[in-house]
Amino acid sequence: GAAVDNLGVAVAGVGDLNGDGYADIAVGAPGSDAVGVQAGAVYVWTGSADGPVGPTRLTPGDAGGMAGSALSGSTIAGMVDVDGDGLSDMLVGGPAQGSSGAVWVVGGGDLSVIATLTAADPDAGDALGNAVAGGDLDGDGYAEVVVGAPNDDQAGTNAGAVYIFAGGSGGPSASSQVKIIADDAVAADAFGYALTLAGDMDGDGFVDLAVGAYLVDGSADQQGAIYVYAGSADGVDASAAVKVDAPDPLPDAFFGISLAGLGDLDGDGRADLLVGAPGASANGISSGAAYVFLGSADLLGTAAAAKVAPGEQGSGFRYGHCVASTRDMDGNGVPDFIVGASGYARRSRHTGDDTGDDTGDDTGDSSADVTGAAWLQLLKCRDVDLDGACANDDCDDLDANTFPGAAELDSAISCMRDQDGDGYGDMDVAADGLIVAGTDCDDTDADRNPGATERCDGLDDNCDGRVDIGARDAPVWAPDADGDLWTDNDYQQQSCEAPDGMLTPTLSRDCDDSDPDIYPGATEIAGDGIDQDCSGADLEADTIAKKGCCATASSGGSWAWLLALVLLAWRRRRPFARFLPTSAEV
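Predicted model only: the values in this text are computed from it and were never measured. (Residues numbered from 1 in each chain as written. Predicted model: local features only at pLDDT ≥ 70, side-chain atom pairs only at ≥ 80, totals over all residues. Heavy atoms only, no water.)

J.: So what about the pairing of strand 5 (residues 75-80)? Which residues, and what values?
T.: Burial analysis of strand 5 places five of its six residues in the buried class, which makes it a mostly covered element. Strand direction decides the pairing type here: strand 5 and strand 6 (residues 89-94), joined by four bridges, are antiparallel. Considered in strand 6, the bridge of Ile 76 is made with Val 92. (Buried < 20%, exposed > 50% of the residue type's maximum accessible area, 1.4 Å probe, protein only. Helix = DSSP H or I, 4+ residues; strand = E, 2+ residues; numbered from the N terminus. Pairing = 2+ DSSP bridges.)

Structure (structure tokens):
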């Protein structure tokens, strides 16, 4: 094909289209210009004893009524029998056909188009055919065709809609269509962007329908949601949906952008569901995640039974952009599945210059090449929460944080709960339960456990039953017994809060912490035998006397001597001013 054919945008196992007993596959190329600009095409490889044969190309010209710019092959679904002839039929979506979109039903046998399905109320840009699926929703033996139109405007601009076309002996017809709109629809929800007939999720014998609306706003913008509708003998009851919001409501989580029926993962006889959320930040920003929901008597459990995410740090990986069931690939009776990550980036080495930069040199620099990837999840046993512990051995198979050895720092074999992943088991568990109590005093905070360092935060960080005692970051205090704001630094104590009578140690030590008039920098009184300024010695009285004896006996000297005596007397009568420490000394 041409460079812009986009071959591989859609792929599907379509069952046995030609009735030879071998399964066939189909691959879409919506950008193909074979019979018109972006009219699109589908390539079919038929199975045989020697492997795939073909391909056979179906195009707008030879597949009956497809038009130019249809983007046919954007979506494909198979393994459905819409007319009851025993042959598998194929559904091909062309979301740009006639500006509003269409779906073609390709009949098994000669691969001719047996029906062209369009909306009864078409509007330009509806994108009918953006998602397609088939299955017998009403149990009459004929598969219905279910088609998403995520840009339908009936409930608001791009609010979205889903159309169901009933199967019959003559195949499905556009006149039999039923339109479903979410009962809480608003503009820009993209309801119908993804959909799947997941199987019988409530155990009533009818296939049920799940619809993704990945742009739904909740507590976060564009967090996404899914809607599940029960099948019945009367078809789908559009007024009785079970809505599930994003389990991790983050902006642009895009929960519901991809859906897949898993089969019966937990062995309860009900089908289960896998939902992708490529914008979830499970292991880095937009690293992505996929969630497992279990079928129930109420159609679907609204809490995720398990969360699957890439095992490596992967900001931008967008894990969950697409999801699919692979059935039981290893033959152990447990369904398996695969998850795509469209933004996966691997490290690669560059060659070129030797400048040492990252522009393509030969120095071994590396950068990330966005290649995309897929993770195949092969389940060794029934393991609903996907924690690696088989259901028969797991003390709580609905909690991925609880299993034997979960709290490896407490026990390598005991079944404990380690919700915060710090290696210590939750001590707050029921005494009569299967879960063993560990030593973690707060299993919601990985920074609080018996191996943690105590900090000044008002919490018991190391789980010793005491708060802030022995904290490594506690400041040091020294006493100020006389209240002169100078401390006796010979006696210091470390604690998170200042003990009574203690201050941050001053730069200089108070040499007498029992007298508020004695401290570094205080006014010294000569000859009283007291070291008021903490300099280490008293100022001797004869120092001043000696200065007086050296004066001359002139009349001017006499007046000077008299003035000195007056000043000395005045100074002794003046109260001493306390020298307060500077801010730097405090």
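More follows now that the structure is in view.
J.: Lay out the sheet that holds strand 16 (residues 242-245) with the relevant residues and their values.
T.: Within the open sheet, the four strands sit side by side as 13-14-15-16. Their pairing is antiparallel. Strands with a single pairing partner mark the edges of an open sheet, and in this sheet they are strand 13 (191-199) and strand 16. Looking at each pair of strands side by side, their axes are set apart by 20 degrees on average, direction ignored. Pairing between strand 14 (residues 208-213) and strand 15 (residues 225-229): five bridges, direction antiparallel. Bridging from a neighbouring strand, Val 211 pairs with Tyr 227 of strand 15. (Axes fitted to C-alpha atoms, helices over the stretch in contact; angles between N-to-C directions.)

J.: Outline the confidence of the model for the protein, listing residues and values.
T.: On average, the protein scores 85 in pLDDT, and the residues at 70 or more come to 86%. Counting contacts from residues 61-66, a segment whose pLDDT is below 50, to residues more than four positions away or on other chains yields 16 contacts. In this model, residues 545-562 is a region of pLDDT below 50 whose contacts with residues beyond four sequence positions or in other chains number two contacts. (pLDDT = per-residue confidence, 0-100. Contact = heavy atoms within 4.5 Å.)

J.: So, the packing of aromatic side chains: which residues are in play, and what are the values?
T.: A complete count under the given rule lists nine aromatic pairs for this structure. Relative to Tyr 291, the ring of Phe 255 has its centre 5.9 Å away and its plane inclined at 75 degrees; by these criteria the two rings are edge-to-face. Taken together, the positions of Phe 255 in the loop between strand 16 and strand 17 (258-263) and Tyr 291 in strand 19 (residues 289-293) put the pair 36 residues apart, joining distant regions of the chain. When its relative accessible area of 2% is taken as the criterion, Tyr 291 is described as buried. Ring centres of Tyr 344 and Trp 375 lie 5.6 Å apart, and the angle between their planes is 85 degrees; on these two criteria the pair is classed as edge-to-face. With Tyr 344 in the loop between strand 22 (336-341) and strand 23 (345-349) and Trp 375 in strand 25 (residues 373-377), the pair connects residues that are 31 residues apart, well separated along the chain. Judged by its relative accessible area of 25%, Trp 375 is partly exposed. Joined through ring pairs, the aromatic side chains of Phe 317, Tyr 319, Tyr 344 and Trp 375 make up one cluster. (Phe/Tyr/Trp six-rings, centres within 6.5 Å; stacked < 30°, edge-to-face > 60°.)

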